[in-house]
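Listed below are the residues making up each chain.
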Amino acid sequence: MKEAYGVCYQGGQGEIVEKKSRFLASVCPVKTEEEAVAFIEETKKKYWDASHNCYAYTCGDQNQKMKCSDDGEPSQTAGRPMLDVLLGEGVHDICVVVTRYFGGTLLGTGGLVRAYSQAVKEGLRNSKILEKCSGRKLTITSDYTAVGKLQYLAGQMGLAILDSVYTDQVVTVLLVPEQQKDEAAAKITEATSGGVQMEYSEPFYYGINGKELVLF
């Protein structure tokens, strides 16, 4: 399980014009190869009258599934440059289709590479890319005297408080990044003189979308 990697959270569109040719990038989050293929087919139907619908996608934290297509453009001038942009930006679980409406002027191989690459970058700019981080929920059971210390420590370490339940005891749930797991436990034990019970969940992925916490 990787500690962190970028993923497409919300797709978008971007467009550039090069010598009267329109290049329209459509971006979609995908988790599987099947989802990527479905998006490609959907986009091809939507832009059925276009000269080309080139694509690139990559799925998985290690890019386990990735593919690209020039869709009739000269070899290595569209799909591969598009995929290179995704890999270079470190974005996973994403599919991009660049639709070209030919403007009547040939761009040459170098011009095509630049145009398709730039279209993908424009599409990414209009999409939402999140860092998918590995973390755990830390459930802490304490008495009321420890609450202030826990809240201070959470603020000091930048840990989000997911929940607090007050009964005869207090149950506080923190979101702890995987790399801070041992440090957080040690500091809480020290701050409370070992007077609390702690339990970590299994690791899972989360992201931060503005002020919103996203659990994957």
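Residues numbered from 1 in each chain as written. Predicted model: local features only at pLDDT ≥ 70, side-chain atom pairs only at ≥ 80, totals over all residues. Heavy atoms only, no water.

## Quick word on the packing of helix H4 (residues 147-157) against helix H5 (residues 181-191)
Part 1 of the argument: At a minimum axis separation of 10 Å, H4 and H5 run at an interaxial angle of 145°. At the point where H4 passes H5, the crossing takes the right-handed sense. In this structure, H4 uses Lys149, Leu150, Leu153 and Met157 to contact H5, whose residues at the interface are Glu183, Ala184, Lys187, Ile188 and Ala191.
Part 2 of the argument: Residues of the contact of H4 with H5, tallied by class, amount to six nonpolar, no polar and three charged. (Axes fitted to C-alpha atoms, helices over the stretch in contact; angles between N-to-C directions. Helix = DSSP H or I, 4+ residues; strand = E, 2+ residues; numbered from the N terminus. Left-handed = near helix turned anticlockwise from the far one by under 90°. Contact = heavy atoms within 4.5 Å. Nonpolar A, V, L, I, M, F, W, Y, C, P; charged D, E, K, R; others polar.)

## Here we look at the environment of Gly158
Part 1 of the argument: One can find Gly158 in the loop between H4 and strand E9 (160-166).
Part 2 of the argument: Between the alpha carbons of Gly158 and Leu175 there is a distance of 9.5 Å; along the sequence they are 17 residues apart.

## Things to note about the nonpolar core
Part 1 of the argument: Counting residues in each nonpolar core, the largest one holds 23 residues, and the members touching the most others are Phe23, Met82, Ile94, Val96, Val98, Tyr116 and Val120.
Part 2 of the argument: When contributions to this core are tallied by element, the ones reaching two or more residues are strand E3 (21-29), strand E4 (52-59), helix H2 (79-89), strand E7 (94-101) and helix H3 (108-125).
Part 3 of the argument: Here the element with the most residues in this core is H3; it accounts for six residues.
Part 4 of the argument: Ignoring any residue separated from it by four or fewer positions in sequence, one finds Val98 in contact with Phe23, Leu24, Ala25, His52, Asn53, Cys54, Met82, Tyr116, Ala119 and Val120. (Core = buried A, V, L, I, M, F, W, Y, C linked by side-chain atoms within 4.5 Å. Buried < 20%, exposed > 50% of the residue type's maximum accessible area, 1.4 Å probe, protein only.)

## A look at the sheet that holds strand E5 (residues 65-69)
Part 1 of the argument: The five strands lie next to each other as E2-E3-E7-E4-E5, forming an open sheet whose pairing is antiparallel. Since the sheet does not close on itself, it has two edges, and those belong to strand E2 (13-18) and E5, each with one partner. Averaged over all pairs of adjacent strands, the angle between their axes in this sheet comes to 15°, without regard to strand direction.
Part 2 of the argument: Looking at chain direction, E4 and E5 are connected through five bridges and run antiparallel. When the sheet's bridge partners are listed, Ala56 is paired in E5 with Cys68.
Part 3 of the argument: On top of the sheet, H2 reaches E4, E5 and E7; it is set at about 35° to E4, its chief contact.
Part 4 of the argument: Sitting on the sheet, H3 touches E2, E3, E4 and E7, and the angle it makes with E2 is about 150°. (Pairing = 2+ DSSP bridges.)

## Section: H5
Part 1 of the argument: Among the residues of H5, Lys181, Ala184 and Ile188 are the ones counted as buried. Looking down the long axis of H5, one finds its buried residues gathered within 65° of arc, a one-sided arrangement. In H5, those exposed residues whose orientation departs by more than 90 degrees from the buried face are Asp182 and Glu190.
Part 2 of the argument: The inward-facing, buried residues of H5 contact strand E8 (128-142), H4, strand E10 (170-177) and strand E11 (197-200). (Arc of directions from axis to C-beta.)

## So, H3
Part 1 of the argument: Its 18 residues give H3 an end-to-end C-alpha distance of 26 Å, which sits within 8% of 26 Å, the value for a rise of 1.5 Å per residue.
Part 2 of the argument: Taken together, the buried positions of H3 are Gly111, Leu112, Ala115, Tyr116, Ser117, Ala119, Val120, Gly123 and Leu124.
Part 3 of the argument: Structurally, H3 contributes buried residues whose contacts are with E2, E3, E4, H2, E7 and E8. (Expected span 1.5 Å × (residues − 1).)

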